[in-house]
Amino acid sequence: MPSKDLLDADRIRRGLKTKRIGRQVIVFNTVSSTNDTAAQYVNEPDNDGLVIIAEQQTAGKGRAGNKWFGSKGQSVLCSIVLTCENSNSELLSLTVAVAVAEAIGETARIKWPNDIILNGKKVAGILLESKQTEHGRTYVLGIGINCHQKEFPVELASKATSIDLEMQGYCDRTLLIKRLITSIEHWLIIANKKARRIIETWSHLSLLLGQRVTVLYNKRKFTGTCSGIDPEKGLILQLDTSHIQFFPAEQTAIAKQQDGLTRHPFE
Ligand code: BTN
């Protein structure tokens, strides 16, 4: 690993123009999960915007109880503490997906709820966790971005990718984290003022809009066509039974997407 690619809090903060996200940045060598480390800071309102980063996780967490793997120094593994956030978790989830996609690059797309896709393969995932404290609802936004991986375990090889693989270069993780922090602050401001713009941008980046999908919700499968997103109720499906149903991000998984991950509805 080139020494300039080692993550360092001062280097990440240098030149950052954000006022909220990244006011404090802590870089660890190894933690069990950056989300669990970040959760230790949510009771103190002053920690709003704190960014916890690690070079390595020993028990990285994915959505739906899955594990999140990644060898040391190969990824961006970070969690952001929000102690003063007004957005509901549905809108927040859309906002973070838009922000992470923008930070990765203009070809990144969103597979609802929280997968970021480059050229048809998953390059990043987001795990949003929330907790009620005596000061109100708090959130930890956990973001994992594959940067330098050259290969993946067999079971992931057809589905996962890294920035280096897709962009044919060497991803500067410090720069990527700076872009991520800036993008998250930017889109959170928009979410709090003009949620409509989040929906518009999400719709533009989404791989699901207009597609036939099967989702798993409440242990049942529902199949239909994705007709949009609601900032409070989640994914909107026009079901084959002809009625419309909403699916909240936290309790829903995509079981099947008929047209794959490469087509974009606006292309
Ligand atoms: C998913 O796609 O299932 C979500 C993956 C989220 C992984 C990130 S890595 C940094 C943060 N810490 C964790 O334990 N998980 C998230």
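Residues numbered from 1 in each chain as written. Predicted model: local features only at pLDDT ≥ 70, side-chain atom pairs only at ≥ 80, totals over all residues. Heavy atoms only, no water.

Asks: Any chance you could explain the pattern of salt bridges here in plain terms?
Replies: All told, the structure shown has 10 salt bridges when counted by the stated rule. Two residues, Glu 55 and Arg 173, come together in a salt bridge whose shortest N-O distance is 3.0 Å. Separated by 118 residues along the polypeptide, Glu 55 in strand 2 (residues 51-57) and Arg 173 in helix 5 (residues 173-193) bring together distant segments of the chain. Between Asp 164 and Lys 150 there is a salt bridge, and its shortest N-O distance comes to 3.9 Å. A residue pair is termed long-range when its members are at least 10 positions apart, and Asp 164 in helix 4 (residues 163-167) and Lys 150 in the loop between strand 7 (136-146) and helix 4 qualify at 14 residues. Taken together, the salt bridges that share partners define one network made up of Asp 5, Glu 55 and Arg 173. (Salt bridge = Lys/Arg side-chain N within 4 Å of Asp/Glu carboxyl O. Helix = DSSP H or I, 4+ residues; strand = E, 2+ residues; numbered from the N terminus.)

Asks: Looking at this structure, I do not really get helix 3 (residues 89-104). What am I missing?
Replies: Because each turn of an α-helix spans 3.6 residues, side chains separated by three or four positions in sequence point in the same direction. An ideal rise of 1.5 Å per residue puts 22 Å on 16 residues; helix 3 measures up with 22 Å between its terminal C-alpha atoms. One side-chain oxygen at the N-terminal end of helix 3 lies 2.8 Å from the backbone nitrogen of Glu 90; it belongs to Asn 88. Once helix 3 ends, the next one or two residues include Gly 105, with phi positive near 150°. (Expected span 1.5 Å × (residues − 1). Polar contact = N/O pair within 3.5 Å; in protein donor to acceptor, adjacent residues only side chain to side chain.)

Asks: For this particular structure, what's the right way to read the domain arrangement of the chain?
Replies: It is common to report an interface's size as the accessible area lost on association of the parts. Annotation of the chain at the domain level lists domain 1 (3-205) and domain 2 (212-257). Computed from C-alpha atoms alone, the centre-to-centre distance between domain 1 and domain 2 is 25 Å. Contacts between the two partners involve 12 residues from domain 1, matched on the other side by 14 residues from domain 2. At the junction of domain 1 with domain 2, the criterion picks out 0 salt bridges. Taken together, the links from domain 1 to domain 2 amount to 6 residue pairs in polar contact (both at pLDDT 80 or more). It is helix 3 that provides the largest number of residues to the side of domain 1 that touches domain 2, a total of 5 residues. Classifying every residue of the side of domain 1 that touches domain 2 gives 6 nonpolar, 3 polar and 3 charged. (Domains from an automatic or database assignment. Contact = heavy atoms within 4.5 Å. Nonpolar A, V, L, I, M, F, W, Y, C, P; charged D, E, K, R; others polar.)

Asks: What should I look at first to understand the site of the ligand in this one?
Replies: Near the ligand there are 20 residues, and of these Ser 33, Gln 57, Lys 61, Arg 63 and Lys 122 occur at the shortest range. One of the side-chain nitrogen or oxygen atoms of Ser 33 is found 2.7 Å away from an oxygen atom of the ligand. In the model, a nitrogen atom of the ligand is placed 2.8 Å from a nitrogen or oxygen of the Gln 57 side chain. A total of 420 Å² of accessible area belongs to the ligand in isolation, and the protein chains cover 98% of it. Elements with a minimum of two residues in the shell around the ligand: helix 2 (34-39), strand 3 (75-82), strand 6 (121-133) and strand 7. (Near = heavy atom within 4 Å. Areas by Shrake-Rupley, 256 points an atom, 1.4 Å probe, with all protein chains shown as cover.)

Asks: What's the story with helix 5 in this structure? I'm lost.
Replies: Its 21 residues give helix 5 an end-to-end C-alpha distance of 30 Å, which sits within 8% of 30 Å, the value for a rise of 1.5 Å per residue. Its side-chain oxygen at 3.1 Å from the backbone nitrogen of Thr 174, Asp 172 defines the N-terminal cap of helix 5.

Asks: Is there a simple way to think about the side chain of Ser 87 in this case?
Replies: Counting through the fold element by element, Ser 87 comes out in the loop between strand 3 and helix 3. A polar side-chain atom of Ser 87 sits 2.7 Å from a polar atom in the side chain of Glu 85. For Ser 87, the contacting residues outside a window of four places in its chain are Leu 92, Tyr 139, Ala 191 and Asn 192.

Asks: So what exactly am I meant to see when it comes to the packing of helix 5 against helix 6 (residues 195-205) here?
Replies: Describing two packed helices takes the angle between their axes plus the distance from one axis to the other. Helix 6 packs onto helix 5 with a crossing angle of 120° between their chain directions and a minimal axis gap of 5 Å. Considering the angle they form, helix 5 stands oblique to helix 6. On the side of helix 5, the interface is formed by Trp 187, Ile 190, Ala 191 and Lys 193, while helix 6 contributes Ala 195, Arg 197, Ile 198 and Thr 201. Tallied by class, residues from the contact of helix 5 with helix 6 come to 5 nonpolar, 1 polar and 2 charged. (Axes fitted to C-alpha atoms, helices over the stretch in contact; angles between N-to-C directions. Parallel < 35°, antiparallel > 145°, perpendicular 65-115°, else oblique.)

Asks: Sorry, what's going on with the packing of aromatic side chains here?
Replies: In this description, a pair of aromatic rings is defined by centroid distance and the angle of the planes. Considering all chains together, one arrives at 3 aromatic pairs under this definition. A centroid spacing of 6.3 Å and a plane angle of 55° characterise the contact between Tyr 217 and Phe 222, whose relative ring orientation is tilted. Judged by its relative accessible area of 18%, Tyr 217 falls in the buried class. Taken together, a centroid distance of 5.5 Å and an interplanar angle of 90° make the contact between Tyr 217 and Phe 247 edge-to-face. Taken as a pair, Tyr 217 in strand 8 (residues 212-217) and Phe 247 in strand 11 (residues 244-247) lie far apart in primary sequence, 30 residues in all. For the pair shown, Tyr 217 and Phe 247 are each scored as buried. Three or more aromatic residues joined by ring pairs form one cluster here, namely Tyr 217, Phe 222 and Phe 247. (Phe/Tyr/Trp six-rings, centres within 6.5 Å; stacked < 30°, edge-to-face > 60°. Buried < 20%, exposed > 50% of the residue type's maximum accessible area, 1.4 Å probe, protein only.)

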